[in-house]
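What the coordinates show
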Amino acid sequence: MAKIIAVVNQKGGVGKTTTTVNITAALKNLDKRVLLCDFDPQANATSGMGVDKNTASPNVYDILINGAEPKKAVVSTKYGDVLPSNKALAGAGIEMIALENRERLLKNALETVASDYDYIFIDCPPSLELLTVNALCAAHSLLVPVQCEYYALEGLSDLLATVRLIKRGLNPALHLEGVLLTMFDSRTNLSLQVAEEVKRHFPGQVFATVIPRNVRLSEAPSHGKPISAYDPYSRGAEAYRLLADEMSAT
């Protein structure tokens, strides 16, 4: 049965999608069965896995709103399987309000495919609205990317407050898989200071692997490939290989 991990931080630009795509591919390279559920209306994780977000149908929106069968929506790629998204998902949060059991729509969908995978990663939107609530209800744990820049910890208190509410009422077993330091530049004092601050706030919960600031990581999505396929010898590819080793060892 799959371990379901939501990759979440309501702050944009911290490396959520980069991490979701690349940890999916890195674990697939370790012969794990991995599904990436793109739960962001921008659908960048879908295109980052080489899937056309404009033509993929049915997609996550169809599963939530139109009752499409999750297994029929799964797109297999050589980097891992994908439940694709598209911009229609942007309106789903409003449409879901009228639906029964609206917080558990994604959970119910993923339960139908969970036995086919070792890991399911959910790429969450940069907000704390109903889509993210669905992801947190569906997940066993959350992975929080935090960029090594000013204001790195800003907003995390809001996320953790939301997680406490979800645990109290909807998903008591939800726990923190780990905090992942991203965009780390070892040449700057700032990155080192932020890393220390994050470790102080989350003792024992920060991954040993740190994702460096790496141009090749930024280039890979425009080619529809994870970093392991775009430039397997880059520092970014090596970092996600190490993260996959770290995650699969637990």
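What comes next is a walk through the structure.

Reading the values: the criteria
Residues numbered from 1 in each chain as written. Predicted model: local features only at pLDDT ≥ 70, side-chain atom pairs only at ≥ 80, totals over all residues. Heavy atoms only, no water. Pairing = 2+ DSSP bridges. Helix = DSSP H or I, 4+ residues; strand = E, 2+ residues; numbered from the N terminus. Axes fitted to C-alpha atoms, helices over the stretch in contact; angles between N-to-C directions. Contact = heavy atoms within 4.5 Å. Buried < 20%, exposed > 50% of the residue type's maximum accessible area, 1.4 Å probe, protein only. Right-handed = clockwise from strand over helix to strand, strands pointing away. Salt bridge = Lys/Arg side-chain N within 4 Å of Asp/Glu carboxyl O.

Considering the sheet that holds strand S7 (residues 175-182)
Pairing within the open sheet is mixed, and its seven strands lie in the order S3-S4-S2-S5-S1-S6-S7. With one partner strand each, in any of the chains shown, strand S3 (75-77) and S7 form the two edges of the open sheet. For this sheet, the mean inter-axis angle between neighbouring strands, taken without regard to orientation, is 25°. Looking at chain direction, strand S1 (residues 3-7) and strand S5 (residues 119-123) are connected through five bridges and run parallel. Directly across from Lys3, in S5, lies its bridge partner Tyr119. Of the strands in this sheet, S1, S5 and strand S6 (141-147) are in contact with helix H7 (residues 130-138), which crosses S1 at around 150°.

Some details on the pairing of S7
Counted residue by residue, S7 has six buried out of eight residues, so it is predominantly covered. Two strands pair when backbone bridges link them, and S6 and S7 are joined in this way by seven bridges, in the parallel orientation. By the bridge assignment for S7, Val144 is matched with Val179. Traced from S6 through helix H8 (residues 156-169) to S7, the parallel crossover comes out right-handed.

Topic: the pattern of salt bridges
A pair can form between side chains of opposite charge whenever their charged atoms are brought close. Counting across every chain of the model gives 10 salt bridges. Among the ionic pairs, Lys3 bridges to Glu177, the shortest N-O distance being 3.0 Å. Here the residue Lys3 occupies a position in strand S1, and Glu177 occupies one in strand S7, the gap between them amounting to 174 residues. A salt bridge links Arg187 to Asp185, with the shortest nitrogen-to-oxygen separation between them at 2.9 Å. For Asp185, a relative accessible area of 15% corresponds to the buried category. Where salt bridges share partners, they join Arg216, Glu219 and Asp231 into one cluster.

With respect to unusual backbone geometry
That bond from Ser57 to Pro58 is cis: its omega, 0°, falls within 30 degrees of zero. Summarising the element assignment, Pro58 is placed in the loop between helix H2 (44-48) and helix H3 (60-66). Here Asp31, not a glycine, exhibits a phi torsion of approximately 65°, which is positive. Along the polypeptide, Asp31 turns up in the loop between helix H1 (16-28) and strand S2 (34-38).

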